[in-house]
Amino acid sequence: MPVRRFGGHRSLVSHSQSPKLSYGYTKMNIARGGYRVFSANSSAACTELAQKITEDVNTAVMELLVMAYALKTSCAKNIIGVIPYFPYSKQCKMRKRGSIVCKLLASMLAKAGLTHIITMDLHQKEIQGFFNFPVDNLRASPFLIQYIQEEIPNYRNAVIVAKSPSAAKRAQSYAERLRLGLAVIHGEAHHSESDMADGRHSPPLSRAITGHTGLELPSSSRQVPFPGIELPMMMAKEKPPISVVGDVGGRIAIIVDDIIDDVEDFVAAAEILKERGAYKIYVMATHGLLSAEAPRLIEESAIDEVVVTNTVPHEVQKLQCPKIKTVDVSMILAEAIRRIHNGESMAYLFRNIAMDD
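Let us look at the structure shown here. If you're wondering where the values come from, they're calculated on a predicted model, not measured in any experiment. (Residues numbered from 1 in each chain as written. Predicted model: local features only at pLDDT ≥ 70, side-chain atom pairs only at ≥ 80, totals over all residues. Heavy atoms only, no water.)

### Side note on the overall build of the protein
- Scanning the protein from terminus to terminus reveals eight helices and 15 strands.
- When each of the 357 residues of the protein is scored for burial, the buried share is 46%.
- For the protein, restricting intrachain contacts to residue pairs at least 6 apart in sequence, the fraction spanning at least 24 positions comes to 60%.
- Accessible surface computed for the protein: about 19400 Å², of which carbon and sulfur atoms make up 55%. (Helix = DSSP H or I, 4+ residues; strand = E, 2+ residues; numbered from the N terminus. Buried < 20%, exposed > 50% of the residue type's maximum accessible area, 1.4 Å probe, protein only. Contact = heavy atoms within 4.5 Å. Areas by Shrake-Rupley, 256 points an atom, 1.4 Å probe, with all protein chains shown as cover.)

Written as structure tokens, this is what we have:
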């Protein structure tokens, strides 16, 4: 494929002899990180940049920023990023004095030149407010619900389970559309929204301070960190004994969530459901990160099947654990690209989508 070179980098340009793709697009460039850059036949001013998150997330993000900036400096009118799994989406809240990394990434993408993003099932829908350009947050729930109806025998005898109270709204949305019961696990199991779960480990552990820091009152019998300020003691949270709210005895339990990364919570939930009488356990989520020892833990657990979409590559994990199944969502991403490029309404892709999805 003919390309122009500037320094040591290839520019993202192509001639009309490039092979044709779906919906009349022409392939322009394929990067090692899994990116695809397309230019439509009708107009070369609008460019879609599709990202596939690999194991090295930071490298993938940096490649996306460099390629977007290259398109911006090449006078592309619109640069649309297709990011099925948005990285750092768990780090979208302020915890103590930590940073909101998701907001930082949104600002970097805007500065690099992106004008539109197509993504799927953001960890929190409020993340869309971090961007100063349009974000289309597609949903995978129709595909997962279709899988339940077609691939799970006797699914009418199932119950939708939320592994924590924070996931109850999503589980309720599934239960209402499938006309099934709802159960919620509550108790002392490790909470997915803790400081350890999102990777920040912030703030660092306190160190013993020796000597006079200059902030104490030397003459006071009771040492106070800041003179004149006395803060009340915070009571540590204590979770009640683990319990299942809802009847799962003799039923199929379907645990739903948006991300499966470390699977310890799901394994613990499956064990509790087995103890409560569930005879088959499914775990369904949009993004299957399945990091570390996840395949081995799933294989050795009481979970019968883990169903995820292909927003994140997990071919290696599937070879390690036959319980992992994949649902293809490429159809809705391709349709979103086509509609945006042709100036058509995106409302059709959000029909019958519940607020809590």
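### Comments concerning the environment of Thr-286
- Along the chain, the position of Thr-286 falls in strand β13 (residues 280–288).
- The sequence separation of Thr-286 and Tyr-85 amounts to 201 residues, and the corresponding C-alpha distance is 8.9 Å.
- Residues contacting Thr-286, with those up to four places away along its chain left out, are Met-120, Asp-121, Ala-140, Leu-144, Asp-257, Asp-258, Val-308, Thr-309 and Thr-311.

### A short note on unusual backbone geometry
- Phi angles above zero are rare outside glycine, and Cys-75 is one such case at about 70°.
- Position of Cys-75 relative to the elements: it lies in the loop between α1 (57–73) and β6 (78–83).
- You will see that Arg-179, though not glycine, has its phi angle at about 60°, which is positive.
- Looking at the secondary structure, you find Arg-179 in the loop between α4 (168–178) and β10 (181–186).

### Notes on the pairing of β13
- Counting buried residues along β13, eight of its nine residues qualify, which places the element largely inside the surrounding structure.
- By the bridge criterion, eight bridges tie strand β12 (residues 252–260) to β13 in an arrangement that is parallel. In the strand pairing of β13, Ile-252 is matched with Lys-280.
- Pairing of β13 with strand β14 (residues 305–309) involves four bridges; the strand directions are parallel. Counted as the bridge partner of Tyr-282 is Glu-305 from β14.
- In this fold, β13 hands off to helix α6 (residues 294–300), which returns the chain to β14; that crossover is right-handed. (Pairing = 2+ DSSP bridges. Right-handed = clockwise from strand over helix to strand, strands pointing away.)

Nothing here speaks to function; it is all geometry.
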